[in-house]
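Architecture and fold: a report
One-letter residues, chain by chain:
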Amino acid sequence: MMAMIQSLADCTVLVVDDDYYLAECTCEALGEAGATVLGPYGSVADVLVCLSHTVPSYAVLDLNLGSGPSFSLAREIKALGIPTLLVTGYDKSIIPPDIADLPCLQKPVTENILIAAVISLVRQDRGG
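All of the points below concern the structure found in this document. Keep in mind the model is a prediction, meaning the values are calculated, not measured.

**Points about helix α2 (residues 20-32)**
Taking 1.5 Å per residue as the helical rise, α2 with its 13 residues ought to reach 18 Å, and the 18 Å between its terminal C-alpha atoms agrees with that figure. Ala23, Thr26, Cys27, Ala29 and Leu30 are the residues of α2 that are buried. Mapping the buried residues of α2 onto a view down its axis gives an arc of 165°, with all of them on the same face. Opposite the buried face of α2, by more than 90 degrees, sit the exposed residues Tyr20, Tyr21 and Glu28. Measuring from the backbone nitrogen of tyrosine 21 back to the side-chain oxygen at the start of α2 gives 3.1 Å, which picks out aspartate 19 as the cap.

**Quick look at the pairing of strand β4 (residues 84-88)**
Looking down a regular strand, the side chains alternate between one sheet face and the other. For β4, the tally of buried residues reaches five of five residues, placing the bulk of the element in the interior. Of the two faces of β4, both are covered, the one formed by Thr84, Leu86 and Thr88 as well as the one formed by Leu85 and Val87. Bridge count for strand β3 (residues 58-62) against β4 is four bridges, and the pairing is parallel. Pairing of valine 60 across the sheet is with leucine 85, part of β4.

**What to know about the pattern of salt bridges**
If you walk through the whole model with that rule in mind, you get five salt bridges. Here aspartate 17 ties to lysine 107 by a salt bridge, and the two come within 3.0 Å at their closest N and O atoms. Of this pair, aspartate 17 sits in the loop between β1 (12-16) and α2 while lysine 107 is found in the loop between β5 (104-106) and α5 (111-125), placing the two residues 90 residues apart along the sequence. Ionic pairing is found between lysine 107 and aspartate 62, a salt bridge with its closest N-O pair at 3.1 Å.

**Comments concerning the side chain of threonine 26**
Structurally, the position occupied by threonine 26 is in helix α2. A residue is classified by how much of its surface remains accessible, and threonine 26, at 14% relative accessible area, is buried.

**Things to note about the pairing of strand β2 (residues 36-41)**
Bridging between β1 and β2 involves four bridges; their strand directions are parallel. Bridge pairing in β2 links valine 16 to tyrosine 41. Crossover connection from β1 via α2 to parallel β2: handedness right-handed.

**A look at the environment of glycine 66**
Of note, glycine 66 is situated in the loop between β3 and α4 (72-79). With a relative accessible area of 60%, glycine 66 lands in the exposed category. The spatial distance from the C-alpha of glycine 66 to the C-alpha of glycine 42 is 8.6 Å, given a sequence separation of 24 residues.

Criteria and thresholds
- Residues numbered from 1 in each chain as written.
- Predicted model: local features only at pLDDT ≥ 70, side-chain atom pairs only at ≥ 80, totals over all residues.
- Heavy atoms only, no water.
- Helix = DSSP H or I, 4+ residues; strand = E, 2+ residues; numbered from the N terminus.
- Expected span 1.5 Å × (residues − 1).
- Buried < 20%, exposed > 50% of the residue type's maximum accessible area, 1.4 Å probe, protein only.
- Arc of directions from axis to C-beta.
- Polar contact = N/O pair within 3.5 Å; in protein donor to acceptor, adjacent residues only side chain to side chain.
- Pairing = 2+ DSSP bridges.
- Salt bridge = Lys/Arg side-chain N within 4 Å of Asp/Glu carboxyl O.
- Right-handed = clockwise from strand over helix to strand, strands pointing away.

Keep in mind that these numbers describe shape and distance, not what the molecule does.
Below is the structure:
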């Protein structure tokens, strides 16, 4: 557990998920792993307000914020250069080619798998 804490200690992670319970669990797990957490946010509008004044190091993003899969937010976050982990209940095959390079976990996801994926994203971003 100590390695995880050291891995996320200087990371700010944006959490976007409209499922309150899952979002809270994600935030709690990231916080316990040492990350500073932004959110959770359950709507595109709230995320855009957040991004207008704070740029996170990383993002954990659900593709369905209540009205079916949407890829515009993932595109916007990617365009800002923020490494992003997609977490979705949909099959990865629905993800458009322009964001298919983003790492993706399929729900349900355990906290350990989620944290390991975020740590992997951090290592990749830092060239480790």
